[in-house]
Amino acid sequence: MRDAGVMAGELLDWYDRHARAMPWRVGPADRTAGVTPDPYAVWMSEVMLQQTTVAAVRDYFTRFMALWPTVHDLAAAEDARVMGEWAGLGYYARARNLLKCARVVSHELDGVFPDTLDGLKALPGIGPYTAAAIAAIAFDRSETVVDGNVERVMARIFCIEAPMPGSKPALRDAAATLTPKARPGDYAQAVMDLGATICTPKSPACGICPWRDDCAGRAKGIQAALPAREAKKPKPIRHGIAYVARREDGAWLVETRPDKGLLGGMLGWPGGDWGDEAEDLPPIAADWAELPGDVRHTFTHFHLILRIRTATLPQDAAPERGHFEPRLAPSDLPTVMRKAFDLARGTLS
């Protein structure tokens, strides 16, 4: 393997020619011309990209920046509006932390994001990876940024055969040895682009990789098998019931889920806990009818099978839980609740 500085320089040369265009990114040509990244846009994109693909994030990022072009605008936004716009992007704790962080930066830091790793890590919802990414990309700090793409590149370049996730510290240490002092923001994005476009999970395009001659995994002929992963345990299946009710005037009965926990702070249909068996917990006594079929949805740690019960309620209905929304739009709901809505609304229209 060649000198780390030489390798970084070659990767940056490759990035200058092949950098992906993204709405939140200042490309290498613009950066050379003196254009600096907006820390607010970098932060927004990095929070959205946590455990989510670039393709899924593009439209959300563009919409959020149009609605709330500055951190002050986002800090002043209504929680329900932000959560509604986030619906479908998943991992809703990120949206709650997005608002918390925006309000700290707006109200306590005069709208200015910290430019150091420790300062960024002190903000709500910003962990070590996100802090390193913002510090490098927005402020050109020489921080080591390691996402899934970078882990894959490092596993192959250094031929680290220990399985994930146990090998994560070794992969990060390996990445740190290559992180340069010059252009660290561009370098961080270059390694991620390399993993996303050339050093891909399957069938890596080694023939056009700028680091092909340095790759110990390729020399051993096992690059496509790296990084190795421990066998996944099967996801458990949980069951639940969603009670979808509409009042005579057309208002829908919904509830706001607790701030903490799955789908925290989001609107949803009343129901009991999800578990090995569905909890029968209607929000009001009514003539509930169970629909044929069910809603199926996969979360990070389990699969959910949701039975749907519907009812039409009188104008003076007084539910034990939830409240009525006269103008409910599907976009106000997280994906699993929207699936229930799509199944039920034809019977309640």
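What this report covers is the structure whose coordinates are included nearby. All values reported here derive from a predicted model rather than from experimental measurement. (Residues numbered from 1 in each chain as written. Predicted model: local features only at pLDDT ≥ 70, side-chain atom pairs only at ≥ 80, totals over all residues. Heavy atoms only, no water.)

1. Structural notes on the pattern of salt bridges
Under the criterion given, the structure shown has 21 salt bridges. The partner of R63 in a salt bridge is E85, and the shortest N-O contact between them spans 2.6 Å. Here the residue R63 occupies a position in helix 4 (residues 54-67), and E85 occupies one in helix 6 (residues 79-86), the gap between them amounting to 22 residues. Each member of the salt-bridge network shares a partner with another, and the members are D16, R31, D140, R183 and D186. (Salt bridge = Lys/Arg side-chain N within 4 Å of Asp/Glu carboxyl O. Helix = DSSP H or I, 4+ residues; strand = E, 2+ residues; numbered from the N terminus.)

2. Concerning the side chain of E151
Tracing the backbone shows E151 in helix 10 (residues 148-157). Looking at E151, its side chain comes within polar contact range of the side chain of K168, at 2.7 Å. If we ignore the near neighbours within four places in the chain, the residues touching E151 are V146, M164, K168 and L171. (Polar contact = N/O pair within 3.5 Å; in protein donor to acceptor, adjacent residues only side chain to side chain. Contact = heavy atoms within 4.5 Å.)

3. Quick word on the nonpolar core
Ranked by size, the top nonpolar core spans 100 residues in total, and within it W43, M44, L74, M154, W211 and W269 carry the most contacts. It is helix 9 (residues 128-139) that provides the largest number of residues to this core, a total of eight residues. Those residues in contact with W269, other than ones at most four positions away along the chain, are A242, Y243, V244, W252, L253, V254, E255, L328, L333, M337, A340 and F341. If you look at the next biggest cluster of nonpolar residues, it comprises 11 residues, including I241, A251, L253 and A317. (Core = buried A, V, L, I, M, F, W, Y, C linked by side-chain atoms within 4.5 Å. Buried < 20%, exposed > 50% of the residue type's maximum accessible area, 1.4 Å probe, protein only.)

4. Description of the environment of L67
Of note, L67 is situated in helix 4. Between the C-alpha atom of L67 and that of V82, which follows or precedes it by 15 residues, the distance is 9.6 Å.

5. Focus: the side chain of E46
Here E46 lies in helix 3 (residues 39-49). In this structure E46 is buried but unpaired, with R25 as the nearest side chain of opposite charge at 7.7 Å. Those residues in contact with E46, other than ones at most four positions away along the chain, are Y129, T130, A133, I134 and I137. (Lys, Arg positive; Asp, Glu negative; His and termini not counted.)

6. Some details on unusual backbone geometry
Following M164, the chain continues to P165 via a peptide bond in cis, the omega torsion being 0 degrees. Secondary-structure assignment places P165 in the loop between helix 10 and helix 11 (168-178). Cis peptide bonds are those with omega within 30 degrees of zero, and the linkage from L226 to P227 qualifies with 0 degrees. Structurally, the position occupied by P227 is in the loop between helix 13 (216-220) and strand 1 (237-247). Its identity as a non-glycine residue notwithstanding, Y91 has a phi of 50 degrees, on the positive side. Of note, Y91 is situated in the loop between helix 6 and helix 7 (93-108). Non-glycine residue R183 carries a positive phi angle of around 50 degrees. Within the element layout of this structure, R183 appears in the loop between helix 11 and helix 12 (184-197). Here R183 falls in the partly exposed class, since its relative accessible area comes to 27%.

7. Structural notes on the packing of aromatic side chains
The final tally for this structure, using the stated rule, is 12 aromatic pairs. Site record: aromatic cluster; members linked through ring pairs are Y40, W43 and F113. We note R238 situated over the ring of F302; from NZ or CZ to the ring centre the distance is 4.0 Å. Just above the ring of W274 sits the side chain of R257; from NZ or CZ to the centre is 5.1 Å. (Phe/Tyr/Trp six-rings, centres within 6.5 Å; stacked < 30°, edge-to-face > 60°. Lys NZ or Arg CZ within 6 Å of the ring centre and 35° of its normal.)

8. Digging into the packing of helix 10 against helix 11
It is at 9 Å that the axes of helix 10 and helix 11 come closest, and there the two elements cross at 85 degrees. Considered as vectors, helix 10 and helix 11 are oriented roughly perpendicular to each other. Residue-level contacts link V150, E151, M154 and A155 of helix 10 to K168, L171, A174, A175 and L178 of helix 11. (Axes fitted to C-alpha atoms, helices over the stretch in contact; angles between N-to-C directions. Parallel < 35°, antiparallel > 145°, perpendicular 65-115°, else oblique.)

9. Some thoughts on the pairing of strand 1
Bridge analysis of strand 1 against strand 6 (residues 303-313) gives 11 bridges, and the strand direction is parallel. Note on strand 6: the bridge partner recorded for G240 is L306. Alignment of strand 1 against strand 2 (residues 252-256), held across two bridges, turns out to be antiparallel. Note on strand 2: the bridge partner recorded for R246 is W252. Hairpin connection from strand 1 to strand 2: four residues lie between these consecutive antiparallel strands, with G250 at a positive phi of about 100 degrees. (Pairing = 2+ DSSP bridges.)

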